[in-house]
Amino acid sequence: VRLVESGGGLVQSGGSLRLSCTVSASMHSFNAMGWYRQAQGKERELVAVAISGGTTTYGDSVKGRFTIFVDMNKNTVSLQMTSLKPEDTAIYYCHAEQFYCGDYYPYWGQGTRVTVSS
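Residues numbered from 1 in each chain as written. Predicted model: local features only at pLDDT ≥ 70, side-chain atom pairs only at ≥ 80, totals over all residues. Heavy atoms only, no water.

Here we take up the packing of aromatic side chains. Applying the stated criterion across every chain yields a total of four aromatic pairs. Taking the centre distance of 5.2 Å and the plane angle of 70 degrees together, the rings of Tyr-36 and Trp-108 count as edge-to-face. Taken together, the residues Tyr-36 in strand S4 (residues 32-38) and Trp-108 in strand S10 (residues 103-108) connect sequence positions 72 residues apart. Three or more aromatic residues joined by ring pairs form one cluster here, namely Tyr-36, Tyr-93 and Trp-108. The ring of Tyr-93 is capped by Arg-44, whose NZ or CZ atom sits 3.8 Å from the centre of that ring. Lying over the aromatic face of Trp-108, Arg-44 brings its terminal NZ or CZ to 4.6 Å of the ring centre. (Phe/Tyr/Trp six-rings, centres within 6.5 Å; stacked < 30°, edge-to-face > 60°. Helix = DSSP H or I, 4+ residues; strand = E, 2+ residues; numbered from the N terminus. Lys NZ or Arg CZ within 6 Å of the ring centre and 35° of its normal.)

With that out of the way, let us pick up unusual backbone geometry. Positioned with a positive phi, Ser-83 is a non-glycine residue whose angle comes to about 50 degrees. Take Ser-83: it is sitting in the loop between strand S8 (76-81) and strand S9 (90-100). On the basis of relative accessible area, Ser-83 is assigned to the partly exposed category, the value being 39%. Positive phi is not limited to glycine here, since Cys-101 has a value of about 50 degrees. Overall, Cys-101 belongs to the exposed group, its relative accessible area being 65%. (Buried < 20%, exposed > 50% of the residue type's maximum accessible area, 1.4 Å probe, protein only.)

Right under this line is the structure:
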């Protein structure tokens, strides 16, 4: 399984960006798809996750500003980011998880950098 992110870059504070992640396997094989981020010197944290069945969860710091979209036909998961802040600067990772025979199998993309200037 390969996850390939795109859409990162440099944006001014208050601006918007859309990240996309293309998955090499059928989206129906995953029980969760989402985005995490890791800022320099900090631990990786949840940004947004969509769970099979329709539940979505967002990190507290991005609620109301970021939206996750899952396109089952195009095998993509996207993250629309608005009202960006300098503290959103991080490497953003696409994440997918399979549940199979009682075990969870996580997959990660290589990451895409987002830099928000003040």
